[in-house]
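# Reading the structure
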Amino acid sequence: MKLTMKATLAGAFALGLSATASFAQDVTLRCQHFLPPKGSTPLYFMAPWAEKIEKDSGGRIKVELYPAMQLGGKPQALYDQIRDGVIDCGWALPAYTPGRFPEAEAFELPFMTSRNAAASSKAAWEFSEKYLMERMGDVKLLAVHVHGPGVIHKKGEPVMALADFDGLKLRGPSRQANTLFETLGATPVGMPLPTFPESLSKGVVEGGVIPWEIVPPLKVHELADSHTEIPGDRSLYNTFFIWAMNKDTYAGLPDDLKAVIDANSGLEASAWAGASFDKGDVIGREIVAGTDNKIHELDPALVAEIRAMGDKQVEAWAADMTSKGLDGAGMVALAKELVAKYSDQ
């Protein structure tokens, strides 16, 4: 929106018009993310969200989406790009800057979220209203969400037993996921999603965890041979995402256009973003199931064993947060309560 809105305002004042009159002109919001354009979130959330903003504003707001970091920078810089006004809005992962947003890790803990991304994303929004609004107060949060169940994708035979994790170089998306994989005996390698396919093809990692929905857009099924699902009512791990807007960009809008943004933000927008993953997971799995790749489901007894390890990690995280002056136990309790609340609806 930067140059478009500023140029419009400058022209309006030069002509002796009011700022209100100048807003009759189009406002352009430039929104960036790191996913390919055919990813589930761009297809089923970002693009429809942009269309709805344009429709609800009567065409006064135009939203431009830039996939794959087309405006420059790396995925780790997205939050700062939003905050600093390099872009007007964007999609960012707090996990890519470890330690900066510790509260967000509550939804990345082992077996915290349900298998329904839309439901758990509602829980994540309500959690954020209590624990993240101050920490992320330098941007305008529009939605927060999580993805569906993570799946282990690897070269060779699928992970079938605990021993199969031993020494396995496994791409992980977050500090908490990597901690769990290390506990399981794997060698976790943290990296942003876009670098995973190349790392897998070059042998930097032997496998990695991502949900089904992003497998076809990244062509991971063409690089991996097997895929291991983790059954049960909770996800092995998760990743916390934000859809946010530059605060000055938002503040510069007239009240009626702020209302358009507000009406498309919050609890339902978060559920919408999560639902994009749920839809994509079904499509992605069907595509992989149509190949010669192996799809294996872990034995429930082994999942129970891993879940017990995860429980210890949750306890350790809560204690660590408490040692840093944060409400560790309270965050864990509320996250569990909210996930259960929305899972039952």
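Residues numbered from 1 in each chain as written. Predicted model: local features only at pLDDT ≥ 70, side-chain atom pairs only at ≥ 80, totals over all residues. Heavy atoms only, no water.

### Looking at the state of the cysteines
Inclusion rule: Cysteine sulfur pairs qualify as disulfides if the two atoms are within 2.5 Å. To qualify as a helix, a DSSP run of H or I must reach at least 4 residues; to qualify as a strand, a run of E must reach at least 2; elements of each kind are numbered from the N terminus. Accessibility here uses a 1.4 Å probe with only protein chains present; expressed as a share of the type maximum, an area under 20% marks a residue as buried, one over 50% as exposed, and anything in between as partly exposed.
Throughout the structure, instances matching the rule amount to one disulfide. Bridging Cys-31 to Cys-89, the disulfide has an S-S length of 1.7 Å. Note on the Cys-31 and Cys-89 pair: the S-S dihedral is about 60°, so by sign convention the disulfide is right-handed. With Cys-31 in strand β1 (residues 27–32) and Cys-89 in strand β3 (residues 89–92), this pair connects stretches of sequence that are 58 residues apart. Note on Cys-31: relative accessible area 0%, which makes it buried. Cys-89 sits in the buried class, given a relative accessible area of 0%.

### With respect to the pairing of β1
Test applied: One bridge is not enough; two strands pair if DSSP finds at least two bridges between them. Looking down the strands as they point away from you, a crossover is right-handed if its path from the first strand over the helix to the second goes clockwise.
Across the six residues of β1, five count as buried, placing the element largely inside the fold. Inspection of the sheet shows β1 paired to strand β2 (residues 61–66) by six bridges, in the parallel sense. Across the sheet, the residue bridging to Leu-29 is Val-63, located in β2. In the classification by handedness, the crossover that spans β1, the intervening helix α3 (residues 40–56) and the parallel β2 is right-handed. The pairing of β1 with β3 spans two bridges and is parallel. Counted as the bridge partner of Gln-32 is Gly-90 from β3.

### Thoughts on the confidence of the model for the chain
We apply this condition: Each residue carries a pLDDT value, the predictor's own confidence for that position, ranging from 0 to 100. Contacts are assigned to residue pairs with any non-hydrogen atoms lying within 4.5 Å of each other.
Residues with a pLDDT of 70 or more make up 93% of the chain, whose mean pLDDT is 93. Predicted confidence is poor over residues 1–25, with pLDDT under 50, and the contacts of this stretch with residues over four places away or in other chains come to 34 contacts.

### Points about the environment of Pro-197
Turning to its location among the elements, Pro-197 is positioned in helix α7 (residues 196–201). Along the chain, Pro-197 and His-221 lie 24 residues apart, while their C-alpha atoms are 9.7 Å from each other.

### Things to note about a nonpolar patch on the surface
We count it as follows: Like-charged residues within 9 Å of one another, or nonpolar side chains (Val, Leu, Ile, Met, Phe, Trp, Tyr) within 5 Å, are grouped into patches, provided each residue has over 30% relative accessible area and no salt bridge. For every accessible area listed, the method is Shrake-Rupley and the probe measures 1.4 Å; residues are considered covered only by the protein chains on display. By convention in these notes, a salt bridge is any Lys or Arg side-chain nitrogen within 4 Å of a carboxyl oxygen on Asp or Glu.
A cluster of nonpolar residues, Val-282, Ile-283 and Ile-287, forms a patch on the protein surface that exposes about 220 Å² of accessible area. Take Ile-283: its relative accessible area is 33%, and that puts it in the partly exposed class.

### Describing the pattern of salt bridges
With the rule as written, the count across this model stands at 17 salt bridges. Note that Glu-157 and Lys-294 form a salt bridge whose closest N and O atoms lie 2.7 Å from each other. Of this pair, Glu-157 sits in the loop between β5 (150–154) and β6 (169–172) while Lys-294 sits in strand β11 (residues 294–297), placing them 137 residues apart in sequence. Among the residues examined, Glu-157 registers a relative accessible area of 48% and is labelled partly exposed. A relative accessible area of 42% means that Lys-294 is categorised as partly exposed.

### So, helix α12 (residues 300–323)
Note on helix geometry: an α-helix contains 3.6 residues per turn, so any two residues three or four positions apart are oriented the same way. What counts here: One less than the number of residues in a helix, times 1.5 Å, gives the span that helix is expected to have. Within 3.5 Å is the distance limit for a polar contact, defined as a pair of N or O atoms, with the added protein rule that one can donate a hydrogen and the other accept it, and that residues adjacent in sequence qualify only through two side-chain atoms.
Between its first and last C-alpha, α12 extends 35 Å over 24 residues, near the 34 Å set by a 1.5 Å rise per residue. Among the residues of α12, those classed as buried are Leu-302, Val-303, Ile-306, Gly-310, Gln-313, Val-314, Trp-317, Ala-318 and Met-321. Close packing links the buried residues of α12 with α6 (175–183) and α13 (328–343). The distance from a side-chain oxygen at the start of α12 to the backbone nitrogen of Ala-301 is 2.8 Å, and the residue carrying that oxygen is Asp-299. Immediately downstream of α12, the backbone of Gly-325 shows phi near 85°, a positive value.

### Remarks on the side chain of His-145
Locating His-145 in the fold gives a position in strand β4 (residues 139–145). Residue His-145 is classed as buried on the basis of its relative accessible area, which comes to 0%. A polar contact is formed between the side chain of His-145 and the side chain of Trp-91, at a distance of 2.9 Å. Sequence-distant contacts of His-145, that is, excluding residues within four places in its chain, are made with Trp-91, Ser-121, Thr-239, Phe-240, Phe-241, Ser-270, Ala-273, Gly-274 and Phe-277.

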